[in-house]
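A look at the structure
Residues per chain, in single letters:
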Amino acid sequence: MRLGSTRLQIAPGVFPPQQDTLAVIDWCLELLRGRSRPVVVDLCTGSGVIALALGARHPAARIYAVDNSGHAVRSATGNAARLTRRTGARIEVRRGDATDPSVLTDIAGAADLVVANPPYLPDGSPEPPDLAGVTEAAALFGGPDGLAVIRGIVAVASAILRPGGWLALEHAAGQQDPVTRLLHHAGTFDSVTGHPDHAGIRRFVTARRRPDGGADTPIASR
């Protein structure tokens, strides 16, 4: 796969880029427009496609890409290095658990944007036909209800976002209502909003880290 003039290399077992994620990337690019040196975290980075897409357009951004798979880290590291040589993008790939705040303690309270395309299929679900046998199970399945990793990411985002920073979180079709409830009940977010992907399917949620201790705003969907 190519990202502009940078070719993405994806090791066996690594979750490949999906069309569903383009809407998430577009939302993040719009959020970052006009910001000179944003701090961005891409959790469950896989091949690094989200980090690279944002770094290609915002080479002055500091981007941290996290994954617990050695195959994914190697793919993302190589892809980031090629983009850096071409554009000067600053992408640091870290191996670690995206649900563990200690992986990013050095930027706690400093991130402008956290974005994630986590494993979200319920355990025991059939693998998508195009991914069956080619992607590590850990990149697909997210616990009995598919929300285990998402819950951890909400907690990590609460710890590392600055007040007023934003979270963009991809999820499976049919999960938007429970994901918005998770964010609403976390107590640290407002402006919780559900979004469709480019096919019109509700596939990701955004939320703002509350800038103060005020009451949550109502959950919105569009």
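Rules of the game
Residues numbered from 1 in each chain as written. Predicted model: local features only at pLDDT ≥ 70, side-chain atom pairs only at ≥ 80, totals over all residues. Heavy atoms only, no water. Axes fitted to C-alpha atoms, helices over the stretch in contact; angles between N-to-C directions. Helix = DSSP H or I, 4+ residues; strand = E, 2+ residues; numbered from the N terminus. Left-handed = near helix turned anticlockwise from the far one by under 90°. Contact = heavy atoms within 4.5 Å. Nonpolar A, V, L, I, M, F, W, Y, C, P; charged D, E, K, R; others polar. 1 Å grid on protein atoms, 1.4 Å probe; cavity = no way out; pocket = protein on both sides within 12 Å on 5 of 7 lines; lining within 4 Å. Points joined across faces, edges and corners; volume = space filled by probe spheres on them. Disulfide = S-S within 2.5 Å. Buried < 20%, exposed > 50% of the residue type's maximum accessible area, 1.4 Å probe, protein only. Pairing = 2+ DSSP bridges. Right-handed = clockwise from strand over helix to strand, strands pointing away. Core = buried A, V, L, I, M, F, W, Y, C linked by side-chain atoms within 4.5 Å.

Okay, the packing of helix α4 (residues 148-160) against helix α5 (residues 176-186) next. In contact at an axis separation of 11 Å, α4 and α5 are set at 30° when each is read in the N-to-C sense. Once α4 is placed against α5, the crossing between them reads as right-handed. Across the interface between the two elements, Ile150, Arg151 and Val154 of α4 pack against Val179, Leu182, Leu183 and Ala186 of α5. Looking at side-chain class alone, the contact of α4 with α5 contains six nonpolar, no polar and one charged residues.

In this model, the largest pocket occupies a volume close to 700 Å³. Together, 45 residues line the largest pocket, and Phe15, Cys44, Asn117, Pro118 and Ala139 are the ones closest to its centre. Of all the elements in the fold, those that place two or more residues in the lining of the largest pocket are β1 (2-3), α1 (22-32) and α2 (49-57). The dominant element in the lining of the largest pocket, judged by the number of residues it contributes, is α2, at three residues.

With that settled, consider the state of the cysteines. For the structure on display, the rule yields zero disulfides. Looking at the unpaired Cys28, the closest cysteine sulfur is the one in Cys44, lying at 14 Å. On the accessibility criterion, Cys44 (17% relative accessible area) is buried.

Of note in the backbone geometry, Cys44 takes a positive phi value of approximately 60° without being a glycine. If you trace the backbone, Cys44 turns up in the loop between β3 (39-43) and α2.

As a further point, take the pairing of β3. For β3, a buried count of five out of five residues is recorded, marking the element as mostly surrounded by other parts of the structure. Because side chains alternate across β3, one face comprises the buried residues Val39, Val41 and Leu43, and the other comprises Val40 and Asp42, equally buried. Sheet topology note: the β3/strand β4 (residues 62-67) ladder contains five bridges and is parallel. Paired with Val40 across the two strands is Ile63, which belongs to β4. The β-α-β motif built from β3, the intervening α2 and the parallel element β4 has right-handed crossover chirality. Pairing analysis gives four bridges linking β3 to strand β6 (residues 111-116), with the strands arranged parallel.

Tracing the sequence through the fold places Leu8 in the loop between β2 (6-7) and α1. As a C-alpha pair, Leu8 and Val49 span 41 residues in sequence and 7.7 Å in three-dimensional space.

Moving on: the nonpolar core. Core analysis: the largest hydrophobic core is formed by 37 residues, its most contacted members being Val41, Leu43, Leu104, Val114, Leu167, Leu183 and Phe189. Where this core is concerned, the elements lending two or more residues are β3, β4, β6, α4, β7 (161-170), α5, β8 (189-196) and β9 (202-209). Here the element with the most residues in this core is α4; it accounts for seven residues. Setting aside chain neighbours within four positions, we find Val41 in contact with Tyr64, Leu104, Ile107, Ala111, Leu113, Val114, Val115 and Ile160. Counting 28 residues, the second largest nonpolar core, distinct from the first, contains Ile63, Leu113, Ala168 and Phe204.

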